[in-house]
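Close look at the chain arrangement
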Amino acid sequence: MSNNQDGSESENNAGLYKLIRFIIHLLGCLQFSYSVYYDWNYVIIPASVSHMGSGYGGKLKFLTFWDAILQSVYFTICLINDFFGNNDISIKEKPLIRKLKDYMYATVAFPLAMFVGVQFWALMAIDRELVFPKALDPFFPSWLNHVMHTNIVIFTVLEMVTTFRVYPKRSKGLTGLLVFLAVYLVWLHIIYANSGVWVYPVLEVLNWWQRVIFYIVSLCIACGLYLIGETLNKAIWGKVQKQLEAGKGRKKTK
């Protein structure tokens with residue numbers, strides 16, 4: 001009787017955990033998708049107030065907007081995986097959608113969400129005029145600001161603690177992240193070459209050498225955040241992964 005009760009309780013806990021994870025994925029998909037839609041269609045900043053959001057590149061100038069699109073895609077993939085893939089705690093071969101989800105999270109979804117959130121609020125604390133001038137407040141709702149710069153951090157951490165994943169080899173993970181950021185840096189300079197305007201006010205007050213240093217420091221921070229994600233994943237799921245690998249090893253020796 002006791003064994004049956006334990007088994008039933010374990011199944012109930014697993015079901016509850018699955019429901020919580022699904023709700024996180026659904027809320028993440030809805031809020032980030034809606035934030036992209038709302039920003040694209042309803043946030044209109046007059047050129048007389050700021051060049052941000054207008055001119056060459058439009059909304060696609062900003063890493064925050066790229067990240068919002070990325071998080072929308074990522075949590076949509078999470079939902080597809082919930083229905084058609086799996087979230088098994090296993091090191092066995094996984095469906096393609098699960099492989100894509102796990103690699104995308106480790107490589108760009110976690111580090112980029114943390115990078116955008118940490119760097120934005122750090123610069124806001126130093127001097128908000130360098131990143132989000134006060135003149136934008138009437139045009140950019142506070143809730144949208146928090147979805148794009150606060151909730152991304154909260155939801156990427158929730159995803160970390162509710163879903164088991166095996167991180168890719170560090171070289172592959174960091175390569176994916178650096179390629180993504182390099183593409184964005186090239187895009188920044190394409191915008192400047194075509195408009196004569198830097199996307200972020202902070203870049204306007206720096207000379208070329210200071211910008212290079214700023215870029216290098218930013219890339220180092222992004223890589224550091226990747227390593228933090230890898231470390232957190234190991235702290236949360238490392239013991240489970242070792243047990244699974246040990247069990248696999250024992251089977252091979254039999």
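The notes below deal with the structure included here. (Residues numbered from 1 in each chain as written. Predicted model: local features only at pLDDT ≥ 70, side-chain atom pairs only at ≥ 80, totals over all residues. Heavy atoms only, no water.)

**Concerning the layout of surface pockets**
Where empty space is left can be seen by rolling a probe of water-molecule size over the atoms. Of the volumes computed, that of the largest pocket is approximately 270 Å³. Forming the boundary of the largest pocket are Ile91, Lys92, Glu93, Lys94, Arg98, Lys99, Asp102, Tyr103, Val166, Tyr167 and Pro168. Grouping the constituent residues of the lining of the largest pocket by class yields five nonpolar, no polar and six charged. (1 Å grid on protein atoms, 1.4 Å probe; cavity = no way out; pocket = protein on both sides within 12 Å on 5 of 7 lines; lining within 4 Å. Points joined across faces, edges and corners; volume = space filled by probe spheres on them. Nonpolar A, V, L, I, M, F, W, Y, C, P; charged D, E, K, R; others polar.)

**A look at the nonpolar core**
Membership of the largest hydrophobic core comes to 59 residues, with the highest contact counts inside it found for Leu63, Phe75, Tyr184 and Tyr200. Going through the elements one at a time, helix H1 (2–42), helix H2 (63–84), helix H3 (96–127), helix H4 (142–162), helix H5 (170–195), helix H6 (201–204) and helix H7 (208–253) are the ones with two or more residues in this core. The greatest single-element share of this core, amounting to 14 residues, is contributed by H3. Once residues within four sequence positions are removed from consideration, Tyr184 is found in contact with Lys61, Phe62, Leu63, Trp66, Val199 and Tyr200. (Core = buried A, V, L, I, M, F, W, Y, C linked by side-chain atoms within 4.5 Å. Buried < 20%, exposed > 50% of the residue type's maximum accessible area, 1.4 Å probe, protein only. Helix = DSSP H or I, 4+ residues; strand = E, 2+ residues; numbered from the N terminus. Contact = heavy atoms within 4.5 Å.)

**Looking at empty space enclosed by the protein**
A complete count under the given rule lists one cavity of 30 Å³ or more for this structure. Space inside the largest cavity adds up to approximately 580 Å³. In terms of lining, the largest cavity is formed by 32 residues, of which the most central are Phe62, Leu63, Thr64, Tyr184 and Tyr200. Every element with two or more residues in the lining of the largest cavity is listed here: H2, H3, H4, H5, H6 and H7. Of the residues belonging to the lining of the largest cavity, the class tally is 25 nonpolar, five polar and two charged.

**Some words on the packing of aromatic side chains**
Centre-to-centre distance and the angle between the planes together describe a pair of aromatic rings. Throughout the structure, instances matching the rule amount to 27 aromatic pairs. Each ring, one from Tyr37 and one from Tyr42, has its centre 5.9 Å from the other, and the planes form 75°; the classification is edge-to-face. Pairing Phe83 with Phe84 gives two aromatic rings, centres 6.5 Å apart and planes at 50°, and the pair type is tilted. Members of the aromatic cluster, each reached through a chain of ring pairs, are Phe32, Tyr74, Phe75, Tyr105, Phe110 and Phe155. Against the face of Tyr105 rests Arg165, its NZ or CZ located 3.9 Å from the ring centre. The ring of Trp208 has Arg211 lying over it, and the distance from NZ or CZ to the ring centre is 4.9 Å. (Phe/Tyr/Trp six-rings, centres within 6.5 Å; stacked < 30°, edge-to-face > 60°. Lys NZ or Arg CZ within 6 Å of the ring centre and 35° of its normal.)

**Some remarks on the packing of H3 against H5**
Between H3 and H5, the shortest axis-to-axis distance is 9 Å and the interhelical angle comes to 50°. Overall, the two elements H3 and H5 adopt an arrangement that is oblique. The interaxial crossing formed by H3 with H5 has right-handed handedness. Here Tyr103, Thr107, Val108, Pro111 and Leu112 of H3 come into contact with H5, specifically with Lys172, Gly173, Gly176, Leu177, Phe180 and Leu181. (Axes fitted to C-alpha atoms, helices over the stretch in contact; angles between N-to-C directions. Parallel < 35°, antiparallel > 145°, perpendicular 65-115°, else oblique. Left-handed = near helix turned anticlockwise from the far one by under 90°.)

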